[in-house]
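# Residue-level structure breakdown
Here is what each chain is made of, one letter per residue.
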Amino acid sequence: MASLRETLARTRQSFFGKVQALLGQSNITADTWDTLETLLLQADVGVATSTKLLERLHQRAKAEGIVRAERLHEVFKHELRALLESPPHATPPSWEKTRLLEVILVVGVNGSGKTTSIAKLAHWYQQRGRKVLLAACDTFRAAAVDQLQIWGERIGVPVIAGPPNGDPGAVAFDAVQAAFARKADLLIVDTAGRLHTRHNLMQELRKVHGVLRRAVHEAPHHTLLVIDATNGQNAVAQARGFTEAVGVTGVILTKLDGTPKGGVAFAIAGELGIPIHFIGVGEQIEDLEPFDAAAFVESLFE
Amino acid sequence: MFDTLTDRLQAIFDKLSKRGVLTEQDVDAALREVRVALLEADVNFRVVKDFLARVRERAVGAEVHRSLTPGQAVIKIVHEELLATLGEGGKLDLGGPPPRVILLVGLQGSGKTTTAAKLALHLRKQGRRPLLVAADIYRPAAVLQLQTLGKQINVPVFAESDQAPPDIAQHAIRQAVQSALDVVIVDTAGRLQIDEAMMQEVEQIKARVRPAEVLLVADAMTGQEAVNIADTFNKRVGLTGLILTKVDGDARGGAAISMRAVTQVPIKFLATGEKVDALEPFHPDRLASRILGMGDVLTLIEKAQQQFDEQQALDAAEKLFNARFDLEDFLAQLRMVRKMGPLGELLNLLPGMREVTRQLSPDVTERQFKRIEAMICSMTPAERHNPDMLNASRKRRIAAGSGTTVQELNQLLRNFREAQKMMKQLSTNPRMRTMLGLVQRRRPR
Ligand SMILES: Nc1nc2c(ncn2[C@@H]2O[C@H](COP(=O)(O)OP(=O)(O)OP(=O)(O)O)[C@@H](O)[C@H]2O)c(=O)[nH]1
Ligand SMILES: Nc1nc2c(ncn2[C@@H]2O[C@H](COP(=O)(O)OP(=O)(O)OP(=O)(O)O)[C@@H](O)[C@H]2O)c(=O)[nH]1
Ligand SMILES: [Mg+2]
Ligand SMILES: [Mg+2]
């Protein structure tokens, strides 16, 4: 076991350097492929997606007669980036006002970073001239409403809330009315964390979605799924489950300021066709960035 | 799903007719599949490598017992190694002069605050007098969150404004002594293991309160980084145990293997829900089956035993597998799922059952349920037994009799047919049969 611990420490320092070296100046060998596989697995890309990616790279290498590892490197990065950019509508909700009231519904498993991301989003859109209102539809978790309210106060965005353990649908409805009354043009709806396997809770989420749909034309205009980048393969199941329930239109990948690489993004964008819109890179209000596929791919190789 | 690994292995070994000793080729073929299963379960790839090397060493040349196929023989060794890696579940060690301190640490959002409340409730039930300490001064409403939970479970919460977390923790101990409280549970802010300032803070808290237990609270959904997280926290604050949270989802939980492999400290609890009583002791055999993708049959049985009469649960399981499944059974199932509430969730632990329970308990509200009940009760026994005979005029009669509409009745029949189809599939699935056999074997005489 001690050996494992040591190798781990060593890997982190030398592994990526080794990739660079291997890919940099040599001809492609079996080692090149092994290293690439390790790189993908270590980044939580998952076995199935990694295998698919490498098979395609193999084919291309053969078809195009690629012999230099350096060239393979380029081609691979290109492929990875294309995969991330493959979903249609790969751009985040525009910051321009496009309709009377735009509604963003935010969903995800427990503790993924929904409430914090909503505060960041509200700030982001507000800075770009939007009139934002927040709906505190997590009526379940202890102090969830207070958490959002504190954020609201900090950034000067009003928060609509209901009684503890009240009906989240009712809060959503009130929030829409308030948004119209106050002439807000962007409503962001926070929801309680829930595991996608909990049928009842997913049903509750559908109801909130239904309330919004009935209250505002074509709402919610964006349904954003917040995924913790520290998660492994379960994130793909989350994306599938939430999409099935409420039609996820985009992902916010949080906690990328830590060590994880967020490789599940490839399966989510590539297989499920759901674009990544934003990344969370810290706990502060400005720690939100639009997703940049090229930079994301580069960070895999760092 | 449940059968993937075992099935895949079976397919490999079906080609080999000979039995006796496991050859290198046998083992390597099997281990390729095991590798995929472990990686899919989020076990760190290096940990997988190490693990497979150990299994290989044991398996090559091993005798295959006459009652096992080679595939089963390899699985058995894999399972044993997994058990060894997961280790036995540990208990809290709170002996010594009170107050004893439990320090909870971990990444953001892993479940520390919720788990602190759960531990407090657990200890209070054992006759201890816990004090919860709110040492997260950063997250908005973190203190209020703990205070709210404390109120729910009737456990005092120590909080101070304008103080640094190490001071708060130290003051809490003084408070515990004064109030004759014997366990102090310190909830800390979430922190990244690479955040130097925050890691220093937790070291300071530890130095001040000298905890009996330092527990890493980690999300069961964690991926490859689990090793680095656990390793760093262990090096910085010397962990005494792990708590795996959000186990109630469908994450395979391979992170537990990774964290055990690097820290060697025992897994002390599993957190299985958002409510304050959702804390369970750790059983390595179940997690091992889950990581290998073999279903959590034992957990199902034990939960069923706890929450309702075992006979009822067994009957329920048997009914579910019964090929005869008419509207009467459907109604009985609906009633049972409603009455037992958690049964629907329990059944989800059985692989393949999620779809079935979805049909059975499509989250019917009280009102909807009443209407379904009314419709079925308005049918003749023959109609319940054979819904195919429901023609338009019969449907109108039933709708009128139950105060519902024909559309609703049609919807009910659609749901029923889906459920029936699923039941058929399951009852003809040999693996399901085997599992039922397992359930039956545990039936008390
Ligand atoms: N390091 C880091 N922490 C984050 C990030 N986003 C959120 N967090 C932290 O993660 C924790 C959980 O965040 P919340 O916003 O409360 O998560 P949530 O999804 O609303 O949680 P529930 O409502 O309980 O399901 C908090 O401690 C946040 O500060 C991020 O991008 N980086
Ligand atoms: N489903 C499920 N949810 C859980 C479990 N444990 C905690 N949660 C939920 O996970 C979310 C985060 O839990 P917290 O206790 O706030 O996590 P934390 O580690 O204190 O978060 P920070 O203080 O922000 O780092 C909340 O929504 C909890 O209700 C569990 O075992 N199962
Ligand atoms: Mg929240
Ligand atoms: Mg907390």
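Because the structure is a prediction, the values reported are computed rather than measured.

### Considering the site of ligand 1
What surrounds ligand 1 is a group of 28 residues, the closest being Gly113, Thr116, Gly193 and Gly280 of chain A together with Gln108 of chain B. Per-site note: the chains with residues close to ligand 1 are chains A and B. In terms of residue count, helix α5 (residues 114–127) of chain A provides more of the shell around ligand 1 than any other element does, three residues in total. A class-by-class count of the residues in the shell around ligand 1 yields five nonpolar, 15 polar and eight charged.

### Quick look at the environment of leucine 39 of chain A
Residue and element names in this part refer to chain A. With respect to the secondary-structure elements, leucine 39 resides in helix α2 (residues 30–42). For leucine 39, a count of 21 C-beta atoms within 10 Å translates into the label buried. Expressed as a C-alpha distance, the spacing of leucine 39 and glutamate 283, which sit 244 residues apart in the sequence, is 28 Å.

### Some thoughts on helix α6 (residues 144–155) of chain A
Residues and elements named next belong to chain A. Here α6 spans 17 Å end to end across 12 residues, near enough to the 16 Å set by a 1.5 Å rise per residue. Burial in α6 covers these residues: Ala144, Val145, Gln147, Leu148, Trp151 and Gly152. Across the axial projection of α6, the buried residues extend over an arc of 160 degrees, all falling on one side. In this structure, α6 carries Glu153 and Arg154 as exposed residues pointing more than 90 degrees from its buried face. Where α6 is buried, its residues touch α5, β2 (132–136), β3 (159–160) and β4 (186–190). Positive phi shows up at glycine 156, right after α6, with a value of about 70 degrees.

### Description of the site of ligand 2
In the vicinity of ligand 2 lie 26 residues, with Asn110 and Gly111 of chain A together with Thr113, Gly190 and Ala271 of chain B positioned nearest. Proximal residues around ligand 2 fall on chains A and B, making this an inter-chain site. Per-element tally for the shell around ligand 2: the top contributor is helix α5 (residues 112–125) of chain B, with three residues. Of the residues that constitute the shell around ligand 2, the class distribution is five nonpolar, 14 polar and seven charged.

### Here's the deal with the sheet that holds β3 of chain A
Residues and elements named next belong to chain A. On the basis of which strands lie adjacent, the open sheet formed by eight strands has the order β3-β2-β4-β1-β5-β6-β7-β8 and mixed pairing. The open sheet terminates on both sides in strands that have one partner only, identified here as β3 and β8 (288–290). In the sheet, β2 pairs with β4 via five bridges, with the strands oriented parallel. For alanine 135, the partnering residue across the bridge sits in β4 and is valine 189. Together, β1 (102–107), β2, β4, β5 (222–228), β6 (250–254), β7 (276–280) and β8 form the strand contacts of α5, whose direction differs from that of β4 by roughly 170 degrees.

### Here we look at the nonpolar core
With 191 residues, the main nonpolar core has Leu134, Leu187, Ile188 and Val189 of chain A together with Leu132, Val133 and Val186 of chain B as its most contacted residues. If near-sequence neighbours (up to four positions away) are discounted, valine 189 of chain A is found in contact with Val103, Ile104, Leu105, Val106, Ala135, Cys137, Ala172, Ala175 and Leu212 of chain A. In terms of nonpolar packing, the next biggest core, distinct from the first, is built from 11 residues, Met379, Ile398, Leu409 and Phe416 of chain B among them.

So, how was this worked out
- Residues numbered from 1 in each chain as written.
- Chains lettered and ligands numbered in written order.
- Predicted model: local features only at pLDDT ≥ 70, side-chain atom pairs only at ≥ 80, totals over all residues.
- Near = placed C-beta within 6 Å.
- Helix = DSSP H or I, 4+ residues; strand = E, 2+ residues; numbered from the N terminus.
- Nonpolar A, V, L, I, M, F, W, Y, C, P; charged D, E, K, R; others polar.
- Buried ≥ 20, exposed ≤ 12 C-beta atoms within 10 Å, placed from the backbone.
- Expected span 1.5 Å × (residues − 1).
- Arc of directions from axis to C-beta.
- Contact = placed C-beta atoms within 7 Å.
- Pairing = 2+ DSSP bridges.
- Axes fitted to C-alpha atoms, helices over the stretch in contact; angles between N-to-C directions.
- Core = buried A, V, L, I, M, F, W, Y, C linked by C-beta atoms within 7 Å.

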